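Spelled out, the chains give:
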Amino acid sequence: MTSFLNNLREHFPEQVRSVEEHVPGQFTVLVNGPDATEIARHLLTEHQARLVTIFAEDRVKAEGVFYLYYLFDRLGDPSWLILKAPISPENPSFPSLAAEFPAVNWQEREIQDWFGLEAAGHPNPRRVALHDNWPDVHPLRKDFPLDTVLPPFEGERHIYRPAHGEGIFHIPVGPVHAGIIEPGHFNFTVAGEPILYLQLRMFYTHKATEKLFENLPIHRAVFLAESISGDSAFSHGTAFCQAIERAAGIEVPARAQFLRTILLELERIANHISDAGAIANDVGFAIANAHAGRVREILLGLCECLTGSRVLRGMVAIGGVRRDWQQAQVEAIESTLQIVQREFRDLVAILQSSNSTRERLERTGILRPQKASMLGVVGVAGRASGVDLDLRRDHPYEAYRHLPFRVPVYQAGDVRHRLLVRIDEVGESMQLIRAATAQLPDGPHRASAQPIPPGRCAIGAVEGWRGEIVHWVRTGEGNCLERCKVKDPSLNNWPAIVEAVEGNIVADFPVINKSFNLSYSGTDR
Amino acid sequence: MTERLIENAAQLFLLLALAPLVTGVIRTLKARLQTRRGPAILQPYRDLVKLFRKGMVVPDTASWIFAATPWVVFFSTVLAGLMIPMVAADAPLGLFGGVLAVIYLLGLGRFFLALSGMDTGSSFGGLGSSREMTISALAEPAMMLAIFTVAIGAGSTGLTEIAGAAIGQHWRFLAPAQMFAFAALALVLIAETGRIPVDNPDTHLELTMIHEAMILEYSGPYLALLEWAASIKQLVLMTLLINCFWPFGLQPTWFGFGAVEGIGWLMAKLFLLSCAIVLLETVNAKMRLFRVPELLAVAFTLGSLALVSTFLF
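Note that the coordinates shown come from a computational prediction; the quantities given were computed from them, not determined experimentally.

Observations concerning the overall build of chain A
- Within chain A one finds 18 helices and 15 strands.
- The C-alpha atoms of chain A give a radius of gyration of 23 Å, which matches the 24 Å a tight globule of 525 residues would have.
- Within chain A, the proportion of its 525 residues that are buried is 50%.
- If you take every contact in chain A between residues at least 6 apart in sequence, the share linking residues at least 24 apart comes to 67%.

Observations regarding the interface of chain B and chain A
- Tallying the contact residues gives 23 residues for chain B and 26 residues for chain A.
- Tallied by class, the residues present in the side of chain B that touches chain A amount to 10 nonpolar, eight polar and five charged.

Description of the environment of Pro253(A)
Residue and element names in this part refer to chain A.
- Relative to the assigned elements, Pro253 resides in the loop between α7 (233-248) and α8 (254-282).
- The exposure class of Pro253 is partly exposed, given the 19 C-beta atoms found within 10 Å.
- The spacing of Pro253 and Pro444 is 191 residues in sequence and 6.4 Å in space, taken between C-alpha atoms.

Topic: the nonpolar core
- Ranked by internal contacts, the top residues of the largest apolar core, which has 252 residues, are Ile244(A), Ala142(B), Ala146(B), Ala184(B), Val188(B) and Ala306(B).
- Looking at this core element by element, the count peaks at 17 residues for helix α9 (residues 220-245) of chain B.
- Inspection of this core shows a minimum of three residues originating in each of domain 1 (2-120) and domain 2 (215-364 + 392-489) of chain A.
- Once you skip the residues sitting within four places of it in the chain, Ala142(B) turns out to touch Ala184(B), Val188(B), Leu296(B), Ala299(B), Phe300(B) and Gly303(B).

Structural notes on the sheet that holds strand β13 (residues 457-463) of chain A
All names here are of chain A.
- Pairing is antiparallel in the open sheet, where three strands are placed in the order β13-β14-β15. The two strands at the open ends of the sheet, each matched to only one other strand, are β13 and β15 (481-487). Each adjacent strand pair in this sheet contributes to an overall mean axis angle of 15°, direction not counted.

Let's talk about the sheet that holds strand β2 (residues 26-31) of chain A
Residue and element names in this part refer to chain A.
- Read across the open sheet, the five strands follow the order β1-β2-β5-β4-β3; overall the sheet is mixed. Of all strands in the sheet, those with a lone pairing partner are β1 (16-23) and β3 (49-59), marking the two edges. In this sheet, neighbouring strand axes are inclined to one another by 20° on average, regardless of whether the strands run parallel or antiparallel.
- Pairing analysis gives 10 bridges linking β3 to strand β4 (residues 65-74), with the strands arranged antiparallel. Within the sheet, the bridge partner assigned to Ala56 lies in β4 and is Leu68.

Examining unusual backbone geometry
- The step from Ile196(B) to Pro197(B) runs through a cis peptide bond, and the omega angle for that step is 10°.
- Counting through the fold element by element, Pro197(B) comes out in the loop between α7 (176-192) and α8 (211-214).

As for helix α3 (residues 64-82) of chain B
Residues and elements named next belong to chain B.
- With 19 residues, α3 extends 27 Å between its outermost C-alpha atoms, agreeing within 8% with the 27 Å of an ideal straight helix rising 1.5 Å per residue.
- Among all positions of α3, only Phe66, Thr69, Pro70, Val73, Phe74, Ser76, Thr77, Val78, Ala80, Gly81 and Leu82 are buried.
- On its buried side, α3 packs onto α1 (2-33), α4 (99-119) and α9.

Quick notes on the pairing of strand β10 (residues 195-201) of chain A
All names here are of chain A.
- As defined by bridge partners, strand β9 (residues 185-191) adjoins β10 across six bridges and the pair is classed as antiparallel. Along β10, the bridge assignment pairs His185 with Arg201.
- Here β9 folds back onto β10, and the loop between the two strands holds three residues, one of which, Gly192, carries a positive phi near 70°.

Thoughts on the packing of helix α16 (residues 490-501) of chain A against helix α17 (residues 509-516) of chain A
Residue and element names in this part refer to chain A.
- Packing of α16 against α17 brings their axes to within 10 Å, and their N-to-C directions diverge by 145°. In terms of crossing hand, the pair formed by α16 and α17 is right-handed. Contacts from Asn493, Ile497, Ala500 and Val501 of α16 reach α17 at Phe509, Ile512, Asn513 and Phe516.
- Taken together, the residues of the contact of α16 with α17 sort by class into six nonpolar, two polar and no charged.

Brief notes about the pairing of strand β14 (residues 468-475) of chain A
Residues and elements named next belong to chain A.
- With eight of eight residues buried, β14 lies mostly within the body of the structure.
- The alternating pattern of β14 places Glu468, Val470, Trp472 and Arg474 on one face and Ile469, His471, Val473 and Thr475 on the opposite face, and all of these are buried.
- Sheet topology note: the β13/β14 ladder contains seven bridges and is antiparallel. Within β14, the residue paired with Ala458 across the bridge is Val473.
- Linking β13 back to β14 in an antiparallel pair, the connection comprises four residues, with Gly467 at a positive phi of about 155°.
- Two successive antiparallel strands, β14 and β15, enclose a turn made up of five residues, where Gly478 displays a positive phi of approximately 65°.

Some words on the domain arrangement of chain A
Residues and elements named next belong to chain A.
- Each assigned domain of chain A is listed with its residue range as follows: domain 1 (2-120) and domain 2 (215-364 + 392-489).
- With 11 residues of domain 1 in contact, the opposing surface of domain 2 contributes 14 residues.
- For the side of domain 1 that touches domain 2, the secondary structure elements donating two or more residues are β1, β3, β4 and β5 (77-87).
- In terms of residues, the side of domain 1 that touches domain 2 owes the most to one element, β3, which gives four residues.
- Within the side of domain 1 that touches domain 2, the residues separate by chemical class into six nonpolar, three polar and two charged.

Parameters at a glance
Residue indices begin from 1 for each chain and proceed along its sequence in written order. Written order decides the labels, with chains lettered from A and ligands numbered from 1. In keeping with the predicted nature of the model, local features appear solely for residues at pLDDT of at least 70, side-chain atom pairs appear and are counted solely at 80 or more, and the whole-chain, interface and lining totals rest on all residues. Here a helix means four or more residues in a row that DSSP labels H or I, a strand means two or more in a row labelled E, and each is numbered from the N terminus. The reference for a compact globule is 2.2 Å times residues^0.38; the radius of gyration itself is calculated from the C-alpha atoms. Backbone-placed C-beta atoms define the burial measure: a residue is buried with 20 or more other C-beta atoms within 10 Å of its own, exposed with 12 or fewer, and partly exposed in between. We call two residues in contact if the C-beta atoms placed from their backbones are at most 7 Å apart. Classification used: nonpolar for Ala, Val, Leu, Ile, Met, Phe, Trp, Tyr, Cys and Pro, charged for Asp, Glu, Lys and Arg, polar for all others including Gly. A set of buried residues drawn from Ala, Val, Leu, Ile, Met, Phe, Trp, Tyr and Cys, joined through C-beta atoms within 7 Å, is what defines a nonpolar core. Segment limits for the domains were obtained from an automatic or database-derived domain assignment. Strands are treated as partners if at least two bridges between them are detected by DSSP. In this analysis, axes come from line fits to C-alpha atoms, helices being fitted only over the stretch in contact, and the angle between any two N-to-C directions falls in the range 0 to 180 degrees. The span expected for a helix works out to 1.5 Å for each residue beyond the first. Less than a right angle of anticlockwise turn of the near helix away from the far helix marks a crossing as left-handed, whereas a clockwise turn marks it as right-handed.

Structure (structure tokens):
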């Protein structure tokens, strides 16, 4: 990374103001506001860097500026690179990258909505995170008090792209759906059964989570992080704790790292198995779902035995984990895994032997690798479409650097391959858990509590079962947070569904959607 | 005359009472195969009672078609049910050419159902109607061909004559024409009753529904009528299939001790057929919508072969 940064400084001698390794492995490059886009473009095109996320911060009170952050990583380099660009409150605008790199489309618009910084030149600068009928407020600015009560909304509602032509019509679905799922609006334009295009509307469950973080003591913020997306409670919690630990320089004991690793993988297995069943259920193959539910139940029982919570809440803590395990609990892992492995093999056999299921999943909802990388798709959906990313391997954390595992990647990008990625990962995760249990070191399960110094920034990044989860924090006075940016994998992957459904028939949408299985809550925050 | 009336009343009672039971048995068997406990067998009756007691929400956009449809569907289905031999070969009603009337009474119900799906202006209803019509346009000819095969054997399209002929002769089920016709009618049964692999009766996904999408706007007593009619239709089609092809235990008349025996046979045969349906639903996923016509094309081909074989063998 050092040589790369020197290279960058040589290439942009005027623009780069300072380079700082603020936390080991995390480099911040301070640039002048308008230059950030040029450098970002250079990194993306010349150095095959990947723009992980882009976010803003209100430092007007403290430093008189807004900051815009571009978070990058590079293939084969475990460090993170952050471009930090000040934006003056007098001219609250920044040049948009969305036209060239559609991956940042929604994220730039989020910044627009939440901070009132204009993404100049954005091809579609309409509201996204706050809906169209909201008044002109910018809730993530520091001068917007959390307890503000807004008057009833009277603004105009969102206008969808119209459709004209013989036999062409709209099917509006949601935001309230049948079944136990979260709210989101899907507006299909169809010609009979085939879908011409799909328009998405998210952020119905926007809870201003990032704002809530700024008012919580850090130890309580862990619980908030756990509830960002209920099915990824442990992953989100761990990502948040990692960010705080790195910012404060807290060394997590080796045993805690292994315990976290085991729990992260248990969360992955439980969710992947339930997804495998749910995908089958959406094509009417209910028996596979019944079995998947049964296997998942065994795993949730294990989770309860290990942490007291079926969905692994309340276990992760700053500096390690809240509870240590006794020998009997560690042995329960192995004995349960044996049952799960056998049952899962049966489940896979049921799925693979059903030709009618295979026929429904094959070549359905294809997301081409080229589109996937353009949209910055991550996680399971990305790996099924040739996007070879996995934070566990690329930016090793916790105990992953000591453990062998394989990252399955497919090119086909259809529903069936998204299912195959999950099936393969369950196998890998079981091996990971076995290896971690075998090597489980002794020692404390949590670092001793210490005050968190203010003004420190750091990234925590975890490969959740759905994809990469990134938390960025700036600590504040009195054990509180100044800012916490949360990046859930769903945010990048929703627009990919739009691509994947095109040309498919309406009746296949549910199974395509299920094969991505994105979090509404994580997207909306 | 009184005898006719009693026959009609008895068969009417049997249709109304037995139909939810068949639905309940199928659901329970399915749940058991999925390692679930499932609802009680009598749950469909409780659902009907519950729905009849409830209030209704009628969309503002609905016309008289919306209100008429449940009645038309219910009565046309029951009327069709009175025209098929259930316990006795002698069907209580024999109007307008027997089996043809049965097919077109069911067709009338479907026509109104499709209209009501579009009547409210909801996009799901329209989607359901268009899918239902696509499927039935293919299912109907296949059904006709299969039925004609049987009718030619009996020399009449009257169901009483067909069933009577089936009882009188030795069992001819293994004749090629009968086999083909049976297979064709079985496929049509799956499609018409909205079962996997054609439609999924258990789904909550509006976008994949066919029959359920059309009745999505109904609630309360209207929904109860439609649900009841759907299970009666299922019973009618199942009875038609079993009594045309496996006429064992079919009594010459409704009267005497034979009726009890006839009902016993009917239940036993319905249970067997339900088991077969459940097994088929469990081991198969739902077909992709555009593959359903291929399935029905198979049914049509089988029906044609059946008809041709009648003249060959």
